[in-house]
Amino acid sequence: MLSIALRTLRARWVTFVGSFVALSLGVSLIAVMGLALASSQDAPERRPERFAAAPVVVKGRDTLHVPTPIGERTSKLPQPQPVPSAAVTALKRLGPVTEDRAFPVRAEDGPGDLVGHPWSVAKFAPYELGAGRAPRSAGEVVTTGDRSALGERLRTAHGTVRVVGTVSARGFENAVFYTDAQAARLSPLSTQLVVDTEDVTAVRAAVRGSDGVRVLTGDARRLADADPDRDARSLTALNALFGTAGGVTGFVSVFVVASTFAFAVAQRRREFGLLRTAGATPGQLRRMVLAEALLVGVLASAAGCALGAYGAPRLAARVVDGGLAPAWFTIGDAVWPYHLAFWTGLLVALCGAVAASWRAGRTGPTQALREASVDSGTLTWGRRLCGAALLVAAVATLAHALLTEPGDLLHRKTYVSRPMLLITAVALLSPALVRPLTRLLARLPARLPGALGLLVRENASTGVRRTAAVAAPVLVTVALAGSLLGATSTLNEARAQEVARRTTADFVASTGAGFDSATLARLRRTAGADVSATAPTAVHVLEDGVALVKSEARAADPGLLAATVRLPVTAGRIADLDDDSIVVNEEWARHTVGQRVEVWLGDGTRRSLRIAAVLATGTGDNGVYVTPANAPGAAADRIDVRVRDGADPAAVATALREAVRQQGQVLTKSQWVQSTYPETNSTTRLGLLLVLGIALLYTGISLANTLVMATSDRIRDLTALRLAGATTSQVLRLVGAEALTVVAVGALLGVLVTFLNLIGMGAALHLLAAPAPLSVPWPALGATTAACAVLAVLSATAPAALALRRVGVLSH
C-alpha cells in the first residue's frame with residue numbers, strides 16, 4: 001500500500017499540493033503567534049530616566065497595602081500622598097533636599113504631552129543647558145528641543161512665558177522647566193523629593209515610621225519616573241492580544257486544514273471503490289491514507305515552522321511600528337512554539353485524514369463505486385451529533401451568561417471567542433443547509449432561458465461535499481468579520497447612547513489635566529448657571545476578605561450633580577449622598593442601600609461609608625460616586641453647566657469660555673456627546689485588524705486553494721460539456737457562476753452566525769439597562785463577500801481554462 005500511496009501522491013499532485021499549502025500556512029500561523037506570545041511574557045525593567053543621576057529619591061505613599069488571610073494585596077493610589085513634613089525636616093539635616101513636581105502644560109501649537117518641572121530637578125536626569133541660561137523669573141522657562149526655540153514666547157494656560165534656555169531631549173518626555181517658586185505655585189503638591197546624600201541608611205532612619213514612604217536607590221529610582229510600569233502594562237495587553245489572535249488563528253487554521261484534508265480524501269471515493277473491488281481491505285485503505293497524510297503532514301509542518309520563523313520578526317516589527325509594543329520588543333528564541341505548531345499540524349492532518357477515510361473504508365466495493373458518482377449521506381451521524389452538541393453548547397453558555405453575568409458578554413475575549421462555537425457548529429451542519437440554500441439562490445436563474453442556471457443549481461446542490469468545502473472558508477471569513485466588527489460597533493453605539501441619556505447639562509467644560517482652583521472659582525461665578533464639578537478618583541473594597549477590588553469613582557456635590565446628570569438609579573436617591581455615604585453600581589451585588597461598607601479612598605484612607613444609592617451597571621461606565629471630602633487631592637476635570645431659567649445661553653457660553661481660557665474646552669451637550677463617542681481606540685483597532693487580517697488572509701488563500709482542488713477534479717465533467725457542444729466561454733461562465741453561488745451560500749451562513757452573535761450581545765445590553773440597536777457592519781460584510789467572490793471566480797476559472805486547453809478541447 002505504501003507504493004500505491006507514493007504513486008497516488010505523484011498522480012494527484014494538485015490535491016496534495018492544496019493540502020500541503022493549507023497545512024503549511026496553518027502551522028506557520030500557529031508558530032508565529034506562539035513565538036510572539038512567548039516573547040511577550042516578561043518585560044525587562046526600565047532603567048531610571050528622570051532620576052538617573054539622583055543619589056536617593058524619597059517617594060510619598062502611592063500604594064495601598066491591605067493584609068488578607070492569604071497574603072498582602074496592593075493597588076496603586078490615584079491620589080498619592082506627600083512625604084510627611086516631619087520626615088522632610090529630618091531629611092534636610094542629612095543634605096540638600098529638592099522637591100520634585102510634575103504637572104501638565106497646555107501651550108498653543110505645542111505638543112500635547114508637555115510636562116512642567118522645577119528647574120532644580122533637571123540636573124538629576126541629567127539635563128544640561130545646550131543654549132541660553134536657567135530661568136530666573138516666573139515668566140521664563142527652559143524647554144527640551146531645538147535651540148531655535150530660544151527667545152520664543154509660549155502662550156500657556158498659566159500665561160505667556162519666554163524661552164530663555166534649551167536642553168537636549170532625552171527621549172522620555174517633552175519638558176518645560178520653571179523656576180522652583182513658580183513650579184510650586186502651579187503645582188503645590190509634591191509627592192517625591194531627592195536627598196543629596198550617600199548615607200542611605202540615615203535616609204531610611206529619617207523616614208522610619210512614615211506610613212508608606214519609600215526610599216529609592218539604584219534601579220529602583222525608576223519607580224519615581226512617570227508611569228514606570230508602562231512596558232509591563234503594554235506587554236500584558238500585547239500578551240492578551242497575541243493570546244486572542246493565537247486562539248482565533250489556531251481555530252481558523254485547524255478548521256480549514258481539517259476541512260481541506262476531508263475534502264481531499266472525499267474526492268478520491270472512486271479510487272477507494274476501485275481498490276476495494278480489487279481486494280483491498282478497509283484497514284489497508286486507512287493505512288494508505290494515513291501514510292499519505294503522515295508524509296504530507298511532516299513536510300508541510302516543517303515548511304510551516306520555517307515560514308513561521310521568517311514571519312514572526314516581521315510581525316514584531318509591525319506591532320512596534322503600530323505602537324502596540326515597546327520599541328525594544330523583539331522575537332525571542334523560545335522553542336516550544338515550534339513544537340506546538342509542528343505537532344498540532346501533524347495531528348490535524350492525521351485526524352482529518354482518518355475522519356474522512358473512515359466511511360470509505362467501511363463501505364462495500366459496489367456501494368463505494370455507486371457513491372462516487374453522486375453525493376449522498378454527507379451528513380453522517382457523527383457529524384450531526386458533533387454539530388448539534390456545539391450548537392447546544394453555544395446556546396447554553398449564552399443563556400447562562402445572560403442569567404448570571406450579562407456583563408461578561410461585553411468583554412473582548414468573550415465576543416472574540418464566542419463566534420468560534422457557532423462557526424464550527426454551522427460548518428458541521430452545513431451539508432443539511434447547503435442543498436436548500438443553493439436551490440433557493442439558483443431558483444430564479446434556473447428558470448431563465450438557457451441551461452446555465454439549471455446546470456449551476458444542479459451541480460452545486462448535488463455536489464454537497466464540494467459546495468460545503470468551498471463555502472467553509474467563506475463562512476469563517478464573513479462570520480469573523482461580521483461578529484468582531486459588529487460587536488465593537490454595537491458596544492460603541494450603546495455607550496454613546498448611554499452618555500446621551502445621562503447628560504442633561506447644557507454645556508460641559510473638560511480638560512485632561514484637571515482645572516486649577518482659580519479656574520474653578522471663575523467657573524462657579526458664572527452668572528445664570530448651575531455649575532457641577534466632578535473629579536476622577538477611585539475606591540477600593542475587599543471582596544470576600546481576600547480580593548482587593550478597585551472601582552473607578554467620581555467626586556461630586558450631590559445637589560449640583562442631580563441637576564446636571566441623569567444617573568440610572570435602581571435603588572436609593574442621589575440626593576442622599578453626603579460625606580458619610582457612597583453611591584455604588586450593581587457590580588457591588590452583595591451590598592444594598594443603607595448598608596455600610598468598608599472602603600479605602602483614593603489617597604489610601606480607610607472609611608466606613610453608608611450606601612446611599614445603587615446605579616445600573618450599564619456598559620461599565622456607571623461607576624462609584626463620593627463627595628469631594630472623600631476624594632482629597634482629586635482635581636476636577638469635568639464641569640457640567642445647567643443654564644438657569646431666564647438666562648441667556650449665549651452669554652453663559654461666552655463667560656464659560658473666558659473662565660476656562662486655555663485650560664480646557666467648553667462644548668454644548670450635543671458637541672459633548674459627539675466628542676465622547678467611544679470610537680475604538682487605535683490600539684484596539686490595530687489589534688482587531690491584526691486578528692482579522694491574519695485569519696482572513698489565511699481563509700482567502702484556503703478558499704483559492706480549495707477551489708483549485710475542486711476544479712481540477714472536475715476536468716472530466718467540463719470536458720464532457722465541451723464535447724457536447726458547449727463553447728469555451730459557456731463552460732467558463734458555468735464554472736464562475738457555480739463559484740459565485742457557493743460564495744453566496746457561505747456568505748449567508750456567515751451572516752446567520754453574525755446575527756446570532758449580535759443578538760446575544762443585544763440581549764446582554766438590554767439586561768444591563770443600556771439598550772442599543774444592533775450595528776451590523778454591512779460595508780465590511782459586503783467587502784469581505786466581494787473579495788471572496790472575486791477570488792473564487794479567478795481560482796475556479798483559471799485552472800478550468802488551463803486544463804481544457806491542455807487536453808486540447810479549446811478552439812483555435
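Report on the accompanying structure. Quantities reported herein were computed from a predicted structural model and do not represent experimental measurements.

Another point: the environment of Arg-495. Counting through the fold element by element, Arg-495 comes out in helix α15 (residues 464-502). Taking relative accessible area as the criterion, Arg-495 reaches 24% and is therefore assigned partly exposed. In sequence terms Arg-495 and Gly-620 are 125 residues apart; their C-alpha atoms lie 8.7 Å from each other.

Taken together, the side chains of Leu-752, Leu-756, Ile-759 and Leu-774 present a nonpolar region at the surface, about 320 Å² in accessible area. Looking at the element boundaries, Leu-756 is found in helix α22 (residues 728-767). Judged by relative accessible area, which is 36%, Leu-756 ranks as partly exposed.

We describe a pair of aromatic rings using the distance from one ring centre to the other and the angle between the two ring planes. Within the structure shown, the criterion is met by 6 aromatic pairs. Ring centres of Tyr-127 and Phe-172 lie 6.3 Å apart, and the angle between their planes is 50°; this geometry places the pair in the tilted category. In this pair, Tyr-127 sits in the loop between β6 (114-118) and β7 (129-132) while Phe-172 sits in the loop between β10 (159-167) and β11 (174-178), placing the two residues 45 residues apart along the sequence. On the accessibility criterion, Tyr-127 (7% relative accessible area) is buried. In this structure Phe-172 comes out as partly exposed when scored by relative accessible area, which is 22%. Ring centres of Tyr-127 and Phe-177 lie 5.2 Å apart, and the angle between their planes is 65°; this geometry places the pair in the edge-to-face category. Highlighted residues: Tyr-127 in the loop between β6 and β7 and Phe-177 in strand β11, separated in sequence by 50 residues. We note that Tyr-127, like Phe-177, is buried. Feature note: the residues Trp-119, Tyr-127, Phe-172 and Phe-177 constitute an aromatic cluster, connected by ring pairs.

Okay, the pairing of β6 next. In terms of burial, β6 is largely enclosed, as 5 of its 5 residues are buried. With 2 bridges joining them, strand β5 (residues 103-104) and β6 adopt antiparallel strand pairing. Its bridge partner lying in β6, Pro-104 is registered against Val-115. Where β6 lies against β11, 5 bridges are found, and the strand directions are parallel. Looking across to β11, one finds that Pro-118 is bridged to Tyr-178.

Glycine aside, residues mostly have negative phi angles, and peptide bonds mostly take the trans form. The omega torsion of the bond from Ala-125 to Pro-126 falls at 0°, within 30 degrees of zero and hence cis. Structurally, Pro-126 can be placed in the loop between β6 and β7. Backbone geometry at Ala-769 places phi at a positive 60°, although glycine is not the residue there. Tracing the backbone through its elements, the reader meets Ala-769 in the loop between α22 and α23 (778-806). In this structure Ala-769 comes out as partly exposed when scored by relative accessible area, which is 43%.

Analysis parameters
Residues numbered from 1 in each chain as written. Predicted model: local features only at pLDDT ≥ 70, side-chain atom pairs only at ≥ 80, totals over all residues. Heavy atoms only, no water. Helix = DSSP H or I, 4+ residues; strand = E, 2+ residues; numbered from the N terminus. Buried < 20%, exposed > 50% of the residue type's maximum accessible area, 1.4 Å probe, protein only. Patch = residues over 30% accessible without salt bridge, like charges linked within 9 Å, V, L, I, M, F, W, Y side chains within 5 Å. Areas by Shrake-Rupley, 256 points an atom, 1.4 Å probe, with all protein chains shown as cover. Salt bridge = Lys/Arg side-chain N within 4 Å of Asp/Glu carboxyl O. Phe/Tyr/Trp six-rings, centres within 6.5 Å; stacked < 30°, edge-to-face > 60°. Pairing = 2+ DSSP bridges.

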